[in-house]
Amino acid sequence: MYSKTLYQILKNLIDFFSTMTNTTTNSNPASPYIFKPFRYEEIKPNQKSRVPYPRSGHRIGADSANFYSFGGYNPLIGSDETISDEIWVQSYPLFQELWRFNFARKEWTRYSNSHTLPLELASNALVLHKNVLMVYGGTGSPFGFRCSNQLFVCRVNDSEGLMDEVHTTGQLPLPAYGQALIYHNDYLYTIGGTTGVQYTCDIHRLNLKTLVWESVYICRGIGEYEPTGRYRHEVGFDKRNIYVLGGGTALLAFDFMTIPVFNLEKQIWYPQKSVRDTRYGIPQPRRCHGAVQITTENGNQVFIAGGHDGENVFDDLWRLDLQTFQWTYFDKCRLPFPIYFHAAAASPEGRLYIFGGICSSNDNDVRRSNCMYSTWLCIPKLSEICWEAVLHYSPHIVKCKSEDLINIGLPRHFVQRLGNSNPPIKREQ
């Protein structure tokens, strides 16, 4: 019954576009749609879309329809390339920007909120909860000279996406950058980070109802299993434990053989031995990698991609199962080039997106990217696969009126992903 319904929707779409274009469909694409999990594909913006400049040190968060890119850094773009961009001139070499990339339209749009963004725009911590983007910490340039312990929030579905500073009290963490951030039960937990000189693995949390900070655990070398201070690490979370994955200092990169774990209820650290991939072992030590977490029928899974250890840069993809602590290496899912200081996020449906980063291991030729790559990290619902097929065969769907698409049977939640019914974002000139 369900397959017949999907077939009818696809048939209605074909008939609809045939009427619009007087052809069988707009498309007849050169290649058929094929669902390919664990295979990176490059996502190329449509030709009319303005594209952000190459960058590193930025962060992204994703929902079902878009990902949102905050900040970033690039000292190598010449003024002749950006002379018409007043925002870039004012914030150079940082990007005082918030961008949205719509998956269906393959279109970038910059919010007109730059004047409300903080000045600390590199190595922030970022969480997207529902339609609220929360940005904490970060550094300006030169790194460590100016750091932040402030929280900024904005509603990404607002037309301008103005970002507001949240005024907090209590036991504020030290201003720092490169920390990790978790949202859980109306609390924001911040883990680790650096002032540019001092590295910690301290844990603080902010009550989002009272806006009061409190210290959860300060590493003083007293606890038997306190982890070494670090920055640009990533974390996994199972609602009971925080798992600290990699990270490092200016000179070190930490391994993944034994994972530092913090139990929220007991407020203690303990070590968790991980299980090697039967063929490839465990990931090499690294910092400045990307990591995302998804929930599947098998439980919580964390994926890490790329990163570097001070000498080597990686293009790999690994999965850590938070129930068995088994590592899995995906030997056929490699980025087209090694990369670090990139940004990674996963949609609620389980698709990984990677944007930007440094794609050169030569300190004398530090090239940054504004490319996007994506892969499915799981087998999603059949409706998600059908939605991808619809976009593949009927790209003109993004130009249709929402009510027309709903009338021919396309589910409303998919139509909403096109952004046709959302208030338009005011474009910066």
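See the structure printed just above.
Residue positions are given per chain, counted from 1 along the sequence in the order it is written. Restriction of local features to residues with pLDDT of at least 70 applies here, the model being predicted, together with a cutoff of 80 or more for giving and counting side-chain atom pairs; totals for whole chains, interfaces and linings are based on all residues. No hydrogens and no water enter the side-chain calculation; it runs on all heavy atoms of the structure.

Colleague: Which residues make up the layout of surface pockets, and what values go with them?
Modeller: The method works on a 1 Å grid over the protein atoms by themselves. A cavity is a set of points holding a 1.4 Å probe that cannot get out, a pocket is an open set with protein on both sides within 12 Å along at least five of seven lines, and residues with an atom within 4 Å of a point line them. Grid points are joined across faces, edges and corners, and a volume is the space filled by probe spheres set on the points. Computed from the structure, the largest pocket encloses a volume of approximately 1,600 Å³. Around the largest pocket, the lining is made up of 48 residues, and of these Leu-128, Val-292, Gln-293, Ile-294 and Ala-346 lie nearest the centre. In DSSP terms, a helix is any run of H or I states spanning at least four residues, a strand is any run of E spanning at least two, and both are numbered starting from the N terminus. It is strand 19 (residues 290-296) that provides the largest number of residues to the lining of the largest pocket, a total of seven residues. The classification used treats Ala, Val, Leu, Ile, Met, Phe, Trp, Tyr, Cys and Pro as nonpolar, Asp, Glu, Lys and Arg as charged, and all other residues, Gly among them, as polar. For the lining of the largest pocket, the per-class residue count stands at 23 nonpolar, 15 polar and 10 charged. Of the pockets and cavities examined, the second largest pocket occupies roughly 1,400 Å³. As for the second largest pocket, its lining consists of 43 residues, and the residues nearest its centre are Phe-103, Ala-104, Lys-106, Leu-391 and His-392. For the lining of the second largest pocket, the secondary structure elements donating two or more residues are strand 1 (41-42), strand 24 (351-358), strand 25 (368-376) and helix 4 (382-393). By residue class, the composition of the lining of the second largest pocket is 17 nonpolar, 11 polar and 15 charged.

Colleague: Tell me what's going on with the sheet that holds strand 1, and back it up with residues and numbers.
Modeller: Only strands that DSSP links by at least two bridges are regarded as paired with each other. The strand order 1-25-24-23 describes an open sheet built from four strands, whose pairing is antiparallel. With one partner strand each, in any of the chains shown, strand 1 and strand 23 (343-346) form the two edges of the open sheet. Where strand 24 and strand 25 come together, seven bridges link them in antiparallel fashion. Paired with Ile-354 across the strands is Tyr-373, a residue of strand 25.

Colleague: Requested: an account of the sheet that holds strand 14 (residues 212-217), with residues and values cited.
Modeller: In space, the five strands of this open sheet follow the order 10-14-13-12-11, with mixed pairing throughout. If you trace the sheet from one side to the other, it starts and ends with strand 10 (169-170) and strand 11 (180-184), each paired once. Bridging between strand 11 and strand 12 (residues 187-194) involves five bridges; their strand directions are antiparallel. Bridged to Ile-182 within strand 12 is Tyr-189.

Colleague: Explain the pairing of strand 12 to me, and be specific about the residues and the numbers.
Modeller: Both faces of the sheet carry side chains from a regular strand, because those side chains alternate between them. Among the eight residues of strand 12, eight are classified as buried, and the element is accordingly described as predominantly covered. In this antiparallel pair of consecutive strands, strand 11 and strand 12, the connection spans two residues, and Asn-185 shows a positive phi of 50 degrees. As judged from the seven bridges shared by strand 12 and strand 13 (residues 199-207), these two strands associate in the antiparallel manner. The partner of Leu-188 across the bridge, within strand 13, is Leu-206. Between the antiparallel neighbours strand 12 and strand 13 lie four residues, among them Gly-196 with a positive phi of about 105 degrees. Exposure categories follow from relative accessible area, calculated using a 1.4 Å probe and restricted to protein chains: below 20% of the type maximum is buried, above 50% is exposed, and the middle band is partly exposed.

Purely spatial values, then, with no claim about function.
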